[in-house]
Amino acid sequence: MDQSSVFPTRADLEKYRKKNNDGFLHVLLFYILPFIIFNLIVFFCVTASPEISLEVPDTEDYLTAQAIITVETRFPVKSITADLDGEELTLNSTGNRTYTTTITKNGVLEVTITNLNGMATAQFEHIDILDDNPPSIENAYVENGIVTLTISDSQSGVNFESVYALDSSDQEISPLTADQETNTFSFTMDPDGLHVHAQDRAGNEVQGTFTSHLEGDEETLDSDIEEEDDGSTDDNTVSD
C-alpha cells in the first residue's frame, strides 16, 4: 500500500493550516470585529452625556449679571433649562450652542441639559455678586447739637447724593459734612426727631430715626434703624 495515501503530506498539512487560518480571519473580520464595533457605538450613543461650561462674569451695576452657558456635545440637544432658586429663567441663544440669561438676584443657578439620547447633565453656580443688601448706619453719636454717623456698604458703595434727613417738621436737611473717604456724615440734630435716608448705588435703602434728650448734663442719642430689604430694626441708645 502506498503510504502517501494514508498519511498526509507536508503540503497537505500546510494547506489545511492555511485553510483554518483563512477561516478564522474571515470570522474575525466579518463577524467578531463588526459585532464589537457595533456594540461600542451603541454603548456610546446610549451613554454619552453633554458637557456644560457655565460662566458668570462680574457685574457692572450690581443689579444684574449675565450667565454664559456653552454646551459641548456630539449629539443634538433635546432641551436646556436654567432656573434660579427654582424660578425658571429665559435663555437666549447666541449661536454655536451658546446661551445667555439675565440674573437679577442672588441665589443658586442650576442649568440642566438633556441630549436627544435622554442623557442629562446639571451644573450649579452660587450667585452672590449682586448687591441686594442695604447700607448700614453705624457709630452714631451726638455732640454739641450735631449728630455724626457712618454709612457703609460693602458691595456697590454708598450713593452720596442720596443721603439726606428729614426733621420733625418733615423739612429736608442736607448733611453739614460728608467725608467720602470715611463715609462719615453729620447733621444738625433735631431733638424731636431726625430721619436719615441713604441708598447704595444699587438702590437699596436704609433709614435711621434719631432723637436726643438730656440725662443730667449729658446729651443722649436714641436711634432706630430700618433696612428696606426685610424691614428689620435696630434700636440703640448712644451717649456722647
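Our subject is the structure listed above.
None of these values were measured; they are calculated from a predicted model.

Engineer: Go over the overall build of the chain, please, and point to the residues and values.
Structural biologist: Regarding its fold elements, the chain presents one helix and 18 strands. The buried share of the chain, taken over its 240 residues, is 32%. Nonlocal contacts in the chain, meaning residues at least 24 apart in sequence, comprise 50% of its contacts between residues at least 6 apart. Carbon and sulfur atoms make up 50% of the accessible area of the chain, which amounts to about 15100 Å² in all.

Engineer: Please provide a residue-by-residue account of the sheet that holds strand E5 (residues 92-95), values included.
Structural biologist: In space, the four strands of this open sheet follow the order E1-E2-E6-E5, with antiparallel pairing throughout. Each of the sheet's edge strands pairs with one partner strand only, and the pair in question is strand E1 (51-55) and E5. Here the average twist between neighbouring strands, direction ignored, is 25°. Here E5 pairs with strand E6 (residues 98-103) via three bridges, running antiparallel.

Engineer: Go over the sheet that holds strand E4 (residues 87-88), please, and point to the residues and values.
Structural biologist: Pairing is antiparallel in the open sheet, where four strands are placed in the order E4-E3-E7-E8. Since the sheet does not close on itself, it has two edges, and those belong to E4 and strand E8 (120-127), each with one partner. The pairing of strand E3 (residues 77-84) with E4 spans two bridges and is classified as antiparallel. Paired with Asp 83 across the two strands is Glu 88, which belongs to E4.

Engineer: Describe in detail a nonpolar patch on the surface, supporting the description with residues and values.
Structural biologist: Together, Leu 33, Ile 36 and Ile 37 give the surface a local cluster of nonpolar side chains, amounting to about 250 Å² of exposed area. Assignment of secondary structure puts Leu 33 in helix H1 (residues 10-47).

Engineer: Give a description of unusual backbone geometry that names residues and reports values.
Structural biologist: Even without being glycine, Tyr 62 reaches a positive phi, approximately 65°. Secondary-structure assignment places Tyr 62 in the loop between E1 and strand E2 (65-72). We classify Tyr 62 as partly exposed; its relative accessible area is 28%. Although it is not a glycine, Asn 183 adopts a positive phi angle of roughly 60°. Along the chain, the position of Asn 183 falls in the loop between strand E13 (177-179) and strand E14 (184-188).

Engineer: Account for the environment of Ile 69, naming residues and giving values.
Structural biologist: Within the secondary structure, Ile 69 sits in strand E2. You can call Ile 69 buried: its relative accessible area is 0%. For the pair Ile 69 and Leu 54, spaced 15 residues apart in sequence, the C-alpha to C-alpha distance is 4.8 Å. In this view, Ile 69 contacts Ile 52, Ser 53, Leu 54, Ile 80, Leu 91, Arg 97, Thr 98, Tyr 99 and Val 111; residues no more than four positions away in its chain are not counted.

Engineer: Please provide a residue-by-residue account of the packing of aromatic side chains, values included.
Structural biologist: Tallied over the full model, the rule gives one aromatic pair. Ring geometry for Phe 160 and Phe 185: centres 5.4 Å apart, planes at 35°, overall tilted. With Phe 160 in strand E11 (residues 158-166) and Phe 185 in strand E14, this pair connects stretches of sequence that are 25 residues apart.

Thresholds, definitions, all that
- Residues numbered from 1 in each chain as written.
- Predicted model: local features only at pLDDT ≥ 70, side-chain atom pairs only at ≥ 80, totals over all residues.
- Heavy atoms only, no water.
- Helix = DSSP H or I, 4+ residues; strand = E, 2+ residues; numbered from the N terminus.
- Buried < 20%, exposed > 50% of the residue type's maximum accessible area, 1.4 Å probe, protein only.
- Contact = heavy atoms within 4.5 Å.
- Areas by Shrake-Rupley, 256 points an atom, 1.4 Å probe, with all protein chains shown as cover.
- Pairing = 2+ DSSP bridges.
- Axes fitted to C-alpha atoms, helices over the stretch in contact; angles between N-to-C directions.
- Patch = residues over 30% accessible without salt bridge, like charges linked within 9 Å, V, L, I, M, F, W, Y side chains within 5 Å.
- Salt bridge = Lys/Arg side-chain N within 4 Å of Asp/Glu carboxyl O.
- Phe/Tyr/Trp six-rings, centres within 6.5 Å; stacked < 30°, edge-to-face > 60°.

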